[in-house]
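Here is what each chain is made of, one letter per residue.
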Number of protein chains: 2
Amino acid sequence: MSTEDASARYNYAPGPAQLPTEVVAEAAQAVRSFPPHGRSILELSHRSTDFNAISEQAEGDLRTLLALPDDYAVLFLNGGARVHYALWVQNLSTPGDRLGLVDSGFWSRQAIAEARKLRDVRVLPESPDPADYADLSPADTDGLDFLHYVSNETLTGLSMPTPQAACPLVCDRTSDFLSGPSDIRPYVLCYAGSQKNFGTAGLTVLVIRRDCLREETGLAPGLSYAVQARTGCLYHTPPIYAWYVSALMLRWIRDQGGLEEMERRAQARADLVYSCIDASSFYANPIAPRARSRMNVCFTLADPELEIPFLQQAETAGLIGLRGHKVIGGMRASLYNAMPVAGAEALVEFMRDFERKA
Amino acid sequence: MSTEDASARYNYAPGPAQLPTEVVAEAAQAVRSFPPHGRSILELSHRSTDFNAISEQAEGDLRTLLALPDDYAVLFLNGGARVHYALWVQNLSTPGDRLGLVDSGFWSRQAIAEARKLRDVRVLPESPDPADYADLSPADTDGLDFLHYVSNETLTGLSMPTPQAACPLVCDRTSDFLSGPSDIRPYVLCYAGSQKNFGTAGLTVLVIRRDCLREETGLAPGLSYAVQARTGCLYHTPPIYAWYVSALMLRWIRDQGGLEEMERRAQARADLVYSCIDASSFYANPIAPRARSRMNVCFTLADPELEIPFLQQAETAGLIGLRGHKVIGGMRASLYNAMPVAGAEALVEFMRDFERKA
């Protein structure tokens, strides 16, 4: 097989992530030729009825998947969800508001740093013990106007369930959005980059309660959630193709059986890999079982010198993207919506083989 | 010919604009399969050596095309150049600065409105006569710290040459960037959305003099030009595919003969269409000849009732995207880098035919 033909079987990268074969095929075809004019979708106008059909399908499917009540708006904005660590504060809160932010790891701390520049911030939990992350009580949030948290810490592979809070929730869902059913009612805002569970790089989706769309923010109009909501996210030329790829993914998720099916697969994939890790002293994962992420399974090898051979042999076997984040090292298997359960099985088979031969 | 096979011959839309056939083919192939792993480019990591090769090629080609001195940085940021009407002010200037902004039409006025919210602004020229747009003198800019202008007003089809100013220039080049050679030296910042002359929607390119990269802006890091410059525009997940399409376009422009050749073609296209308009009382264009845009040729029909038939028959002939902006109506032929001279010839032939039959 020539290099030209070689195709990695599974991509465990933390995002941009693996996409389904059929979505890739349709996305490639649309670049070549998109009805009705047969020109590339890369030339499609955001003011056209054809684009309107794409955006309506995307929003409709998202609303169906989340069973979204009418009092929530959906925004399709530029990629780089990280900028919303500041923008949610500036869009939703006023200078006198008191914000709570949960510290559950690397990304939470970025969010905390941005919020602190803008508002009075309380960091929770007060005792930073991983076991506490899931154990906030409503009393912890007394006097807060908003509580922000990161539902899945991609870097360490730590998941946090919906906190019990006495105030509205804001959530960075970038790495677990649409990976399972979730009740939107405790939230005034959820936001997520599309490049993990529902698209490619270049798009961030926000689900926001309409009564939180404030007009007087002092922000440039293109950064104002209210302005973007009012203009159908067309205040400026939007990221049309990334939006289209997400439209394909949202339809794919719906066609596969919706969020219940995504959750069933996520659980099956994660169970396979964590079981393999736990069954061996060759591999290790430090996260408390109940806080373990279904999206990002991190692990180390008992002998760190074997990490490079592990990654090299995995790549030769067609399993790519397993290197952990440079901040903590080790391995990370990211298992998002488009990763088949067979992808987790292939990884586990490789891990067992590698251990046997080591 | 079935609808599936029908392909519009030329796309005169104001942006996203027509792309060259060979760029579309390569962009579609990359979505299907991208070396070395043979997976979709939509899965490509922005932290990979493969992406690094794309971004280095793009910046290298842009630097070559513009003969860019080392003291200028190039930023590849999210699309929606309009947000820079506020961001350039916040990134480059300080509250005490006095800004001049040229009013040459619709987009300039958006820029003026944003700047006024943030700083002390002088609008130029003081007499708003179209003939004045090209006639600022350095004395008009006395006491200003920056002068901002829009080099091409897409909506009306009005072009403005580099103003003679006593202060550094900032320019929204969204609709004429890379359409011809230009000396960067009078500018501290030029910015342009990619979807007209060098790519698809979802990307904005900034060329900025490095000594203007201020760290203390109070902006969120993702909106700070200094932070983006320092992180190679990877502070957050960037719009990878739009960036890649621009890399293809920049290479295409270079391979076609660079900015001199782009200018030759732009002049040839515009001359064809303006000549057709001027040779007839059936069509009209109100812009003073020396201020006429080479990028957007706007025209009206002496009988407005013929506009709808004109657009319909053009579309049937495979000529799409000719409807003028809703604010001013009429027709607009946008003739960007990827429009062959034959596209202008086809339009002129259609216009003459239509006039004959009317």
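A. Region of the structure containing the sheet that holds strand 4 (residues 120-124) of chain A. Residue and element names in this part refer to chain A. What the seven strands build is an open sheet, ordered 2-10-9-8-5-3-4; its pairing is mixed. What marks the edges here is a single partner per strand, and that holds for strand 2 (72-78) and strand 4. The average undirected angle you get between the axes of adjacent strands in this sheet is 15 degrees. Set on the sheet, helix 3 (residues 84-92) makes contact with strand 2, strand 3 (98-102), strand 5 (146-150), strand 8 (169-172), strand 9 (187-193) and strand 10 (203-209); between it and strand 9 the angle comes to about 155 degrees. Its contacts with the sheet place helix 4 (residues 106-118) against strand 3, strand 4 and strand 5, and it is angled at close to 165 degrees to strand 3.

B. The packing of aromatic side chains, seen in detail. Applying the stated criterion to the full structure yields 37 aromatic pairs over all chains. On the numbers, 4.9 Å between centres and 85 degrees between planes, the contact of B:Phe282 with B:Tyr283 is edge-to-face. An aromatic cluster of at least three residues, connected via ring pairs, comprises A:Phe34, A:Tyr241, A:Tyr244, B:Phe34, B:Tyr241 and B:Tyr244. Positioned over the ring face of B:Tyr235 is A:Arg82, at 3.9 Å from the centre of the ring.

C. Main features of the interface of chain B and chain A. Chain B puts 52 residues into the contact, and the matching count from chain A is 52 residues. Of the roughly 4300 Å² buried between chain B and chain A, counting both surfaces, carbon and sulfur atoms make up 59%. Applying the counting criterion to the chain B and chain A interface returns zero salt bridges. The tally of links from chain B across to chain A stands at 20 residue pairs in polar contact (both at pLDDT 80 or more).

D. Representation of the environment of A:Met339 in the model. All names here are of chain A. Mapping methionine 339 onto the fold places it in the loop between strand 14 (331-334) and helix 9 (341-357). Along the sequence, methionine 339 and leucine 99 sit 240 residues apart, while their C-alpha atoms lie 36 Å from each other. With residues near it in sequence (within four places) discarded, methionine 339 still touches Tyr10, Asn11, Tyr12, Gln18, Arg269 and Ser334.

E. Examining the sheet that holds strand 3 (residues 98-102) of chain B more closely. All names here are of chain B. An order of 2-10-9-8-5-3-4 is seen for the seven strands of this open sheet, with the pairing classed as mixed. Two strands lie at the open edges of the sheet, namely strand 2 (72-78) and strand 4 (120-124), each paired on one side alone. Ignoring strand direction, the axes of neighbouring strands in this sheet form an average angle of 15 degrees. Strand direction decides the pairing type here: strand 3 and strand 5 (residues 146-150), joined by three bridges, are parallel. Across the sheet, residue leucine 101 finds its bridge partner in strand 5, namely histidine 148.

F. Here's a closer look at the side chain of A:Ser179. Residues and elements named next belong to chain A. On the secondary structure map, serine 179 appears in the loop between strand 8 and strand 9. A relative accessible area of 5% means that serine 179 is categorised as buried. When sequence neighbours within four positions are dropped, the list of residues in contact with serine 179 reads Asn197, Leu259, Met262, Glu263, Ala266, Met295 and Asn337.

G. Expanded view of helix 6 (residues 240-256) of chain A. Along its 17 residues, helix 6 of chain A runs 24 Å from first to last C-alpha, staying within 8% of the 24 Å computed at 1.5 Å per residue. By the criterion of burial, helix 6 of chain A is predominantly enclosed, with 13 of the 17 residues buried.

Rules used in this analysis
- Residues numbered from 1 in each chain as written.
- Chains lettered and ligands numbered in written order.
- Predicted model: local features only at pLDDT ≥ 70, side-chain atom pairs only at ≥ 80, totals over all residues.
- Heavy atoms only, no water.
- Pairing = 2+ DSSP bridges.
- Helix = DSSP H or I, 4+ residues; strand = E, 2+ residues; numbered from the N terminus.
- Axes fitted to C-alpha atoms, helices over the stretch in contact; angles between N-to-C directions.
- Contact = heavy atoms within 4.5 Å.
- Phe/Tyr/Trp six-rings, centres within 6.5 Å; stacked < 30°, edge-to-face > 60°.
- Lys NZ or Arg CZ within 6 Å of the ring centre and 35° of its normal.
- Buried area = accessible area lost by both parts, 1.4 Å probe.
- Salt bridge = Lys/Arg side-chain N within 4 Å of Asp/Glu carboxyl O.
- Polar contact = N/O pair within 3.5 Å; in protein donor to acceptor, adjacent residues only side chain to side chain.
- Buried < 20%, exposed > 50% of the residue type's maximum accessible area, 1.4 Å probe, protein only.
- Expected span 1.5 Å × (residues − 1).

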